[in-house]
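# Structural characterization, general
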Amino acid sequence: MKIAIIVPAFKAAKYIKAALSSIDKQNKPKGTEIKTIVICDGCEETFEAATLCRSADTYVCLTENLGTYKARNLGLSLSGIESDLFINLDADDIWHPNRIAEVVGMARHRLDSLSAFTCFMNRIDEEGKEIRSLPHRECPSGAYAYTGKTVKTIGMYRPWWCGSDNEYRGRFYAAGGNLYSSTRLLLSYRKHPTQLTSHPDTLRGTKERDFSYDEIARLSKTNYETHFQNHPRQEIFKSAGTALHYEETYQAYFDSQPLTVGD
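Let me begin by describing the structure that accompanies this report. Computed from a predicted model, the values in this text were never measured in an experiment.

### Looking at the packing of aromatic side chains
Considering all chains together, one arrives at seven aromatic pairs under this definition. With centroids separated by 4.2 Å and ring planes inclined at 20°, the aromatic side chains of Y157 and Y168 adopt a geometry described as stacked. Note that Y157 is positioned in the loop between α5 (148–154) and α6 (164–174) and Y168 in helix α6, a separation of eleven residues in sequence. We classify Y168 as buried; its relative accessible area is 1%. Through pairs of rings, three or more aromatic residues link up here, namely Y69, Y144, Y146, Y157, Y168, F172 and Y173. Across from the ring centre of Y157, 4.9 Å away, lies the NZ or CZ of R72, which sits over that ring. In this structure, R110 is placed above the aromatic ring of Y180, and the distance from its NZ or CZ to the ring centre is 3.9 Å.

Structure, rendered in C-alpha cells:
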C-alpha cells in the first residue's frame, strides 16, 4: 500500500521537528510504502528547521506565502496522485505511534471506494502538554486520511485562505463518500496563538465561504442544502445521501456518545 503524507507548514519552526519525528516513530504495517512531502509556505525559518530533521522524502520552500490549501495541493501534485492513501498532517500536530497502522487497518479493504478515515485526538499547548480541561474528540476534517480514489474523484482543495477542509468534506459527502473512525487516541492537536484556526479570517471563512450551500451544490451537482444545518450528525449525513460508518468493534462506544455538529 502506497501512502503519501502531506505536511504544509508556515511559521512552524518551533513545532515541525515534533511533527516529522512522529512520522518516523510510526509502527508501519508490512507492505506499506510511505512518502512524506513537506511544503514550507513562504517561510525559510520553517524550511530550515524541517530539513534539519531529514525525515521527509521531498522538501519544498515556496518563495511567498500562498496559503495552507495551495501548499497542500502542491503536495498532492508532487505525490503524483498515484498513492493508495493520502494523509494530512499539520506541521504543529503530533501523531501517536499507531496512527498509520490504524488507518491502514480501516482502509485495507476500502481502497477502491470513496472513503475517509479519522480517529480521536487530545489537545496540547505550545509546549506539548495535554490540555486536560478539554475532552478527547474526533479529529477535525483537516486531519482526515482519504483514499486515492477519493482524491482522483473529488480533486484538489479550494485555494482559499481558510475553510477549505470543510468544503472538501462537503464535496466528499455529496459524491457518496463514507467516513470511518477509530475511537483510539491517535493525534495530538496543538492549540497556539498563530494556528490557522485562531486567525480571524478562519471564522469569517466558516460563515462566508465554507458553508456556501449553493456553491457546494453546484460543484457536486447535488442539492443538499441542509447538509450543514444544525441537526444531529446522523440527520446531516442522511440529508447528504450518505452514512457515517464506524468499525463494528467501536459501535457500542458510539451508541453511548452524544453526536454533535462540527469539526
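What follows picks up the thread again.
### What about α6?
Of all eleven residues in α6, eleven are buried, a share of seventy percent or more. Among all positions in α6, only S164, D165, N166, E167, Y168, R169, G170, R171, F172, Y173 and A174 are buried. Looking one or two residues past α6, G176 carries a phi angle of roughly 95°, positive in sign.

Calculation rules
- Residues numbered from 1 in each chain as written.
- Predicted model: local features only at pLDDT ≥ 70, side-chain atom pairs only at ≥ 80, totals over all residues.
- Heavy atoms only, no water.
- Phe/Tyr/Trp six-rings, centres within 6.5 Å; stacked < 30°, edge-to-face > 60°.
- Helix = DSSP H or I, 4+ residues; strand = E, 2+ residues; numbered from the N terminus.
- Buried < 20%, exposed > 50% of the residue type's maximum accessible area, 1.4 Å probe, protein only.
- Lys NZ or Arg CZ within 6 Å of the ring centre and 35° of its normal.

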